[in-house]
Amino acid sequence: MYQTDPPSPPQESLPTMYDLPSEYPNETGVPDEFHIYQSQLLQETFIPPNYSQEEVFTAIDLNLYYDVHHPLRYKRPDWFAVLGNSRLYQGRELRLSYVMWQEGIAPFMVVELLSPSTEKEDLGQTVRDASQPPTKWEVYERLLRIPYYILYNRYNREFRAYQNIAGHYQPLELGNRGLWLSDVQLGLNRWEGTYANISAEWLRWYDQEGNWIPTLAEQRSRAQQDTQIAQQEAQIAQQRADAAERALSAEKAKAEQLAARLRELGIDPDE
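A. Expanded view of the pairing of strand S9 (residues 168-171). The pairing of strand S8 (residues 158-165) with S9 spans four bridges and is antiparallel. By the bridge assignment for S9, tyrosine 162 is matched with proline 171. Counting the residues in the hairpin turn of S8 and S9 gives two residues, including alanine 166, whose phi is positive at 55°.

As structure tokens, this is what we get:
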């Protein structure tokens, strides 16, 4: 009798990140320029000193699939960070999406940049019935229990932070230093400055001493400055060495002239 192959185990039959890509042609809500640049600034400056770069995964506008029972449901945070997970999927591949039932580690933090079209959804003010997917707030708070949820509105410069305590987001009081997170030894605050040649207020990470974490452009600029300083110091050191050598040569020449004069007078300078 012909026998069919046994069915695949459940974990093998579930969709993978290749079945659940990050982009769909008919999808709306493409990020504007501020969303792109602000997310890039968060990405560049999120460098926890107590984690290696290989233990931190951050993503911009990447589909986050959260429910194994509804594998096509996802949320797309503007920016999120995962601690203790490989920068590359299984240590070797760039991710097409973040699939919770494959990764096993929920994000440590999600940042949403408010806009008129998404504000109610981001703030958990959208009302949906049981037949519809849960809101972002519900997914982040109740399903994934993401420890920190950050909201920023560039139109009124409102910066809010929530911490997940016992399965519910509680607002955090933000002082002059913004939000300090001891888990990553970094703080997040508003920064007035120029990024990508655009002067504006941004959210940016800072270190324990209160210094802003440098961007890639700032790192390159500092490296160039350090190189120039090193070259200048080397040039000065060489000039000093040349001057010392000339002075030594002059002294030697004077000594030789004096010895020659003594010999002319019948005096042996070596005695």
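B. Helix H5 (residues 136-143), seen in detail. Looking at H5, one finds that the buried residues are Lys136, Trp137, Val139, Tyr140 and Glu141. Phi turns positive one or two residues past the end of H5, at arginine 145, with a value near 50°.

C. Main features of the sheet that holds strand S10 (residues 179-181). One open sheet accounts for three strands, arranged S10-S11-S12; its pairing is antiparallel. Both outer strands of the open sheet, S10 and strand S12 (198-206), are each paired with one neighbouring strand and no more. On average, each strand axis in the sheet is tilted by 35° relative to the strand beside it, whichever way the strands run. By the bridge criterion, nine bridges tie strand S11 (residues 186-195) to S12 in an arrangement that is antiparallel. Directly across from glycine 187, in S12, lies its bridge partner tyrosine 206. Helix H2 (residues 33-45) contacts S11 and S12 of the sheet and is inclined by roughly 35° relative to S12.

D. Spatial organisation of the packing of aromatic side chains. Under the criterion given, the structure shown has 19 aromatic pairs. With a centroid separation of 5.1 Å and 75° between ring planes, the pair formed by tryptophan 137 and tyrosine 162 is classed as edge-to-face. Here tryptophan 137, found in helix H5, pairs with tyrosine 162, found in strand S8; they are 25 residues apart in sequence, far enough to count as distant. Per residue, the accessibility class of tryptophan 137 equals that of tyrosine 162, and both read buried. With centroids separated by 5.2 Å and ring planes inclined at 70°, the aromatic side chains of tyrosine 140 and tyrosine 149 adopt a geometry described as edge-to-face. For tyrosine 140, a relative accessible area of 0% gives the class buried. Connected via pairs of aromatic rings, a cluster forms that spans Trp137, Tyr140, Tyr149, Tyr162 and Tyr169. Stacked on the ring of phenylalanine 57, the Lys or Arg arginine 95 has its end atom at 4.3 Å from the ring centre.

E. Structural view of the pattern of salt bridges. Applying the stated rule across the entire model yields nine salt bridges. Three or more residues are tied together by salt bridges with common partners; here these are Glu112, Asp122 and Lys136.

F. Layout of the environment of tryptophan 191. Secondary-structure assignment places tryptophan 191 in strand S11. As a C-alpha pair, tryptophan 191 and arginine 204 span 13 residues in sequence and 6.2 Å in three-dimensional space. Other than its neighbours up to four places away in sequence, tryptophan 191 contacts Leu41, Ala200, Glu201, Trp202, Arg204 and Trp212.

G. Structural detail: the environment of histidine 35. Examined against the element boundaries, histidine 35 turns out to sit in helix H2. The exposure class of histidine 35 is buried, given its relative accessible area of 8%. Counting along the chain gives 119 residues from histidine 35 to arginine 154, while the straight-line C-alpha distance between them is 9.8 Å. Those residues within four positions of histidine 35 in sequence are excluded, and the remaining contacts are Asp78, Leu113 and Ser115. A polar side-chain atom of histidine 35 sits 2.7 Å from a polar atom in the side chain of aspartate 32. At 2.9 Å, the side chain of histidine 35 and the backbone oxygen of leucine 113 are in polar contact.

H. Just the sheet that holds strand S2 (residues 64-65), in detail. Pairing is mixed across the open sheet formed by three strands, whose spatial order is S3-S2-S5. Each having just a single partner strand, strand S3 (74-75) and strand S5 (98-99) make up the two edges of the open sheet. The pairing of S2 with S3 spans two bridges and is classified as antiparallel. Bridge assignment links leucine 64 to a residue of S3, and that residue is lysine 75.

Definitions and limits used
Residues numbered from 1 in each chain as written. Predicted model: local features only at pLDDT ≥ 70, side-chain atom pairs only at ≥ 80, totals over all residues. Heavy atoms only, no water. Pairing = 2+ DSSP bridges. Helix = DSSP H or I, 4+ residues; strand = E, 2+ residues; numbered from the N terminus. Buried < 20%, exposed > 50% of the residue type's maximum accessible area, 1.4 Å probe, protein only. Axes fitted to C-alpha atoms, helices over the stretch in contact; angles between N-to-C directions. Contact = heavy atoms within 4.5 Å. Phe/Tyr/Trp six-rings, centres within 6.5 Å; stacked < 30°, edge-to-face > 60°. Lys NZ or Arg CZ within 6 Å of the ring centre and 35° of its normal. Salt bridge = Lys/Arg side-chain N within 4 Å of Asp/Glu carboxyl O. Polar contact = N/O pair within 3.5 Å; in protein donor to acceptor, adjacent residues only side chain to side chain.

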